[in-house]
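# Per-entry structural report
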Amino acid sequence: MRLSTFFLPTLKETPTEAQIVSHRLMLRAGMIRQTSAGIYAWLPLGHRVLKKIEQIVREEQDAAGAQELLMPTIQSAELWKESGRYDDYGKEMLRITDRHDREMLFGPTNEEMITDIFRAFVKSYRQLPLNLYHIQWKFRDEIRPRFGVMRGREFLMKDAYSFDIDAASARRSYQKMFLAYLRTFARMGLKAIPMRADTGPIGGDLSHEFIILAETGESGVFCHKDWLTLDVLQNAPGFDEDLQPFFDTYTSIYAATDEKHEPGNCPVPEADLVSARGIEVGHIFNFGTKYSKPMNAVVAGPGGEPVPVEMGSYGIGVSRLMGAIIEASHDDNGIIWPDAVAPFNVGLVNLKVGDAETDRVCQELYYKLRANGLEVLYDDRDERPGVKFADMDLIGLPWQLVVGPRGLKNGVVELKRRATGEKQELSVESALEKLSA
RNA sequence: CGGGGCGUAGCGCAGUCUGGUCAGCGCGCCAGUUUUGGGUACUGGAGGCCCCCGGUUCGAAUCCGGGCGCCCCGACCA
């Protein structure tokens, strides 16, 4: 993509409404545009990152054996009356009526709908276990949306739902998602700590929140200091192996949100306890038959008897993750994208547009890098070098490849790693080689 | 939902108390000159229902009434 034609409205100054760093940087980097409280349009740069995050989530869900489908955002109130949540959900649920005065709602989550789909088609324990997920926009009419996309009213969420014949099988489904979540966040360069959490209005008895430690987080959290240095995937098993030992290991190291933490009754000595703030990027629940019973999601068991299925639900805040990643990875100059979610791999900077040799080398690099499978943002604008460097740092692409007449005179271009600031001068060939490795 | 703040050009703001001389500044944008390896300098230019509605007044961005929107703190919440 050529920056001269790419829609990238970067800002020098920060809009006043943005208080936390991820929100400020997303606005300044031209990634989002607020349209009303807690509702955002995703501009091309932000959209690219959103798609990257979504794709990683999808790949790990698929790897764990979940199957993707897509449910509608507008739901009928009837299913919610059946489960009893139509009244429970309160004002956070956006309710609407259609032209025939039918009660509808913009879905805040999909337990009811997936249960309805399940019960329509699944009749035997032999069709279990089953895990279905989708990645879809949700709406929750938050009392107070804030922090940009971190607590939006409309947000993109991956929600998966598992169905099992009994509690033991449900536990295994839960453990698969537990592992998938650790893998997902690790791929994005994040350390997400699974913490015992309240199940909240959704109900159930087994629940973990996946928390990124960050000062701007909304939740107070407590964990053993070992978490700070732990590599969660060090001894990770495959999805088909016995997950119990792995699960036991990582749930035995203390970590809890403040709702679950009891200061007087904490197994961790005070010296080893870290008190921090965190951003919840995922939440997994096992809630047994909370929905299957009232909604009559029943299958035939091995003896032919009707068995209400054991269910779990598993959420990842896809749009929130973007904010969380920026909170975890930025500096004074801007965003530092982890490679896996960067909107482009390389920013190619032409320091002197119009200089024949510089243009030629840039052109060559632009084509060859892309031919090698890299996504390249080529800054071919007629701007001063300072502007280009500042914008490049702001949008945070992992690599900057800087080409100018001064270097070319000595046969070199400059390759800069955004994360470390480390720069090296290389020949065009070795720069290509290094980036394509 | 309690408390606080804000709404003037794309962004950041001044002006409001004390009504007229008030449509302003910086950045950005357009044209030109200049400069050329970390947001260059200069000249010229475009761009505004001063959030909306009503009132007071000879006269309202400014005063009064009523709305709407946005942000922050708290409580609440995946």
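Keep in mind it's a predicted model, so treat the numbers as computed, not measured. (Residues numbered from 1 in each chain as written. Chains lettered and ligands numbered in written order. Predicted model: local features only at pLDDT ≥ 70, side-chain atom pairs only at ≥ 80, totals over all residues. Heavy atoms only, no water.)

## Details of the pattern of salt bridges
Keep this limit in mind: One side-chain nitrogen of Lys or Arg within 4 Å of one carboxyl oxygen of Asp or Glu is enough to make a salt bridge. Runs of E in the DSSP output that reach at least two residues are strands. Runs of H or I that reach at least four are helices, and both are numbered from the N terminus. Only protein chains enter the accessibility calculation, which uses a 1.4 Å probe; a residue is then buried when its area is under 20% of its type maximum, exposed when over 50%, and partly exposed in between.
Under the defined criterion, the tally for this structure stands at 31 salt bridges. Note that Glu59 and Arg187 form a salt bridge whose closest N and O atoms lie 2.7 Å from each other. Within this pair, whereas Glu59 is found in helix H2 (residues 44-63), its partner Arg187 is found in helix H6 (residues 167-187), the two being separated by 128 residues in sequence. Here Glu59 falls in the partly exposed class, since its relative accessible area comes to 34%. For Arg183, the salt bridge goes to Glu60, with nearest N and O atoms at 2.6 Å. With Arg183 in helix H6 and Glu60 in helix H2, this pair connects stretches of sequence that are 123 residues apart. For Arg183, a relative accessible area of 28% translates into the label partly exposed. The structure contains a network of salt bridges with shared partners spanning Lys51, Glu54, Arg58 and Glu68.

## A short note on the sheet that holds strand S21 (residues 399-403)
What counts is decided by this rule: In this scheme, strands are said to pair when DSSP sees at least two bridges between them. Every axis in this analysis is a line fitted to C-alpha atoms, fitted for helices over the stretch in contact. Angles between the N-to-C directions lie between 0 and 180 degrees. By definition, residues are in contact when any of their heavy atoms lie within 4.5 Å.
Taken in spatial order, the five strands of this open sheet run S20-S19-S21-S22-S23, and their pairing is mixed. Both outer strands of the open sheet, strand S20 (376-379) and strand S23 (423-426), are each paired with one neighbouring strand and no more. Adjacent strand axes in the sheet meet at a mean angle of 20°, parallel and antiparallel pairs treated alike. Lying on the sheet, helix H9 (residues 356-371) is in contact with strand S19 (346-350), S20 and S21; it crosses S19 at an angle near 165°.

## Considerations on the domain arrangement of chain A
Applied cut-off: Marked domain ranges trace back to an automatic or database domain assignment. As used here, buried area is the combined drop in accessible area, with a 1.4 Å probe, of two parts when they are placed together. For this analysis, a polar contact is any N or O atom pair within 3.5 Å, provided that within protein one partner can donate a hydrogen and the other can accept it, and provided that sequence-adjacent residues contribute only side-chain to side-chain pairs.
In terms of domains, chain A is made up of domain 1 (21-334) and domain 2 (344-436). Just the C-alpha atoms count here: the centres of domain 1 and domain 2 sit 39 Å apart. Listed as interface residues are nine residues of domain 1 and, on the opposing side, six residues of domain 2. When the two sides are added together, the surface that domain 1 and domain 2 hide from each other amounts to roughly 760 Å², 53% of it contributed by carbon and sulfur. Considering only the surface of domain 1 that becomes buried against domain 2, Leu45, Arg48 and Asn333 emerge as the three largest contributors, covering 51% of it. One salt bridge in this structure joins Glu375 and Lys52, with 2.7 Å as the shortest N-O distance. At the surface where domain 1 touches domain 2, the tally comes to four residue pairs in polar contact (both at pLDDT 80 or more).

## Let's talk about the state of the cysteines
We apply this condition: What counts as a disulfide here is a pair of cysteine sulfur atoms lying within 2.5 Å.
Tallied over the entire structure, the rule returns zero disulfides. Unpaired in terms of disulfides, Cys223 finds its nearest cysteine sulfur in Cys266, a separation of 10 Å.

## A look at the protein's contact with RNA strand B
The condition that has to hold: For each residue, the test is whether any non-hydrogen atom lies within 4 Å of the molecule or strand; if one does, the residue is near. Each residue receives one of three labels: charged for Asp, Glu, Lys and Arg, nonpolar for Ala, Val, Leu, Ile, Met, Phe, Trp, Tyr, Cys and Pro, and polar for the others, Gly being one of them.
As a matter of local geometry, RNA strand B sits amid 43 residues, with Thr16, Arg140, Arg144, Arg151 and Glu280 nearest to it. Of all RNA strand B atoms lying within 4 Å of any protein atom, the proportion belonging to sugar or phosphate reaches 49%. In this structure, a sugar or linking oxygen belonging to RNA strand B sits 2.5 Å away from a side-chain N or O atom of Arg140. Interatomic distance of 2.4 Å between a side-chain N/O atom of Glu280 and a sugar or linking oxygen of RNA strand B. Of all elements in the fold, only strand S1 (32-36), strand S13 (273-288), helix H10 (385-395), helix H11 (405-409) and strand S22 (413-417) reach the threshold of two or more residues within the surface near RNA strand B. Per-element tally for the surface near RNA strand B: the top contributor is H10, with seven residues. Here the surface near RNA strand B is composed, by residue class, of 14 nonpolar, nine polar and 20 charged.

## Some thoughts on the pairing of strand S2 (residues 39-42)
Pairing of S1 with S2, which is carried by four bridges, proceeds in the antiparallel orientation. Each bridged residue has a counterpart across the sheet, and for Ser36 the counterpart in S2 is Ile39.

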